[in-house]
Amino acid sequence: GDSVTQMEGPVTLSEEAFLTINCTYTATGYPSLFWYVQYPGEGLQLLLKATKADDKGSNKGFEATYRKETTSFHLEKGSVQVSDSAVYFCALTRSGNTGKLIFGQGTTLQVKP
Amino acid sequence: EAGVTQFPSHSVIEKGQTVTLRCDPISGHDNLYWYRRVMGKEIKFLLHFVKESKQDESGMPNNRFLAERTGGTYSTLKVQPAELEDSGVYFCASSQEWKRSPLHFGNGTRLTVT
């Protein structure tokens, strides 16, 4: 079945460091890919998405490129801030599916000043 | 607009008891979803309502879980009787039309079964 695998956390970085959170997926067909973020005490928010191969999603300085050849959707940010500390979830949904998301296990990011 | 609201934010119950979680979606959102995250693992889909009808309940773990959506507005998720492995965070999400708009998630209900 469809699945999403994220790198193990927690990830601890200093402010202004470069961030990469790896995400790979297994799915038939052409899924849409998402990154959601959960800040402390809040619900999940959509961070960015990509709906077809080679699409790049971007938001708030974060980027991820849909790589079908490597079945990956790695999240990157050039310079993290303390306010980026959160749990990040990679997810996919099948085309034609009614919004049902399949999530990875989440990666906790802690950014220290 | 008001976001997706979940009640309660936390619930601690003993094994064998009953708990009811509530979700109020964003007004006008026909699609309502329940998800669950157990013990720091991945968030798993439980079920999907379109208005008052269950569109997909393939993720419901067993018959101790009952979800309803009265009149196509708010939804409840009842666990009866609760077991230790039901502990986790239960998220609700809603969307108007999922292909054009993202899912809006609530803050979740943290359920602890002791």
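Scroll up a little and you will see the structure.
Structural notes, computed from the coordinates. (Residues numbered from 1 in each chain as written. Chains lettered and ligands numbered in written order. Predicted model: local features only at pLDDT ≥ 70, side-chain atom pairs only at ≥ 80, totals over all residues. Heavy atoms only, no water.)

### Re the overall build of chain A
Right, so step 1: Looking only at helices and strands, one finds zero helices and 12 strands in chain A.
Right, so step 2: For chain A, the sequential pattern of α-helices and β-strands runs β-β-β-β-β-β-β-β-β-β-β-β.
Right, so step 3: Radius of gyration (C-alpha) of chain A: 13 Å, near the 13 Å computed for a compact globule of 113 residues.
Right, so step 4: Referenced to the eigenvectors of the C-alpha coordinate spread, the extents of chain A come out at roughly 45 × 25 × 20 Å.
Right, so step 5: As displayed, chain A offers around 5200 Å² of accessible surface, 48% of which is attributable to carbon and sulfur atoms.
Right, so step 6: Side chains of chain A give 10 positive and 11 negative charges; the mean places of these two sets differ by 7 Å. (Helix = DSSP H or I, 4+ residues; strand = E, 2+ residues; numbered from the N terminus. Rg over C-alpha atoms; globule rule 2.2 N^0.38 Å. Areas by Shrake-Rupley, 256 points an atom, 1.4 Å probe, with all protein chains shown as cover. Lys, Arg positive; Asp, Glu negative; His and termini not counted. Charge placed at Lys NZ, Arg CZ, Asp CG, Glu CD.)

### Section: the interface of chain A and chain B
When the parts of a complex come together, some accessible area is lost, and that lost area is often taken as the interface size.
Right, so step 1: Contact with chain A, which involves 21 residues of that partner, is made by 19 residues of chain B.
Right, so step 2: When chain A packs against chain B, the two sides together hide about 1600 Å² of surface, and 60% of this comes from carbon and sulfur.
Right, so step 3: Our count for the chain A to chain B interface comes out at one salt bridge.
Right, so step 4: Put simply, Lys100 of chain A and Asp56 of chain B hold a salt bridge, and the shortest N to O gap is 4.0 Å. (Contact = heavy atoms within 4.5 Å. Buried area = accessible area lost by both parts, 1.4 Å probe. Salt bridge = Lys/Arg side-chain N within 4 Å of Asp/Glu carboxyl O.)

### Structural notes on the packing of aromatic side chains
Within a pair of aromatic rings, the relevant descriptors are the distance that separates the centres and the angle that separates the planes.
Right, so step 1: For the structure shown, the criterion picks out 12 aromatic pairs over all chains.
Right, so step 2: Ring plane angle 90° and centroid distance 5.6 Å describe the contact between Phe103 of chain A and Tyr35 of chain B, whose orientation is recorded as edge-to-face. One end of the pair, Phe103 of chain A, is in strand β11 (residues 102-103); the other, Tyr35 of chain B, is in strand β4 (residues 31-37), on a second chain.
Right, so step 3: The exposure class assigned to Phe103 of chain A is buried, which follows from its relative accessible area of 3%.
Right, so step 4: Classification of Tyr35 of chain B as buried rests on a relative accessible area of 0%.
Right, so step 5: Taking 6.3 Å as the distance between ring centres and 75° as the angle between the ring planes, the aromatic pair formed by Phe103 of chain A and Phe105 of chain B counts as edge-to-face. Taken together, the residues Phe103 of chain A in strand β11 and Phe105 of chain B in strand β10 (residues 104-105) connect one chain to another. The exposure classification of Phe103 of chain A matches that of Phe105 of chain B, with both residues buried. (Phe/Tyr/Trp six-rings, centres within 6.5 Å; stacked < 30°, edge-to-face > 60°. Buried < 20%, exposed > 50% of the residue type's maximum accessible area, 1.4 Å probe, protein only.)

### Quick look at the state of the cysteines
All names here are of chain B.
Right, so step 1: Applying the stated rule across the entire model yields two disulfides over all chains.
Right, so step 2: Residue Cys23 pairs covalently with Cys92 via a disulfide, S to S 1.8 Å. Disulfide Cys23-Cys92: torsion about the S-S bond near -65°, hence left-handed. Placement of the pair is Cys23 in strand β3 (residues 19-24) and Cys92 in strand β9 (residues 88-95), with a sequence separation of 69 residues. (Disulfide = S-S within 2.5 Å.)

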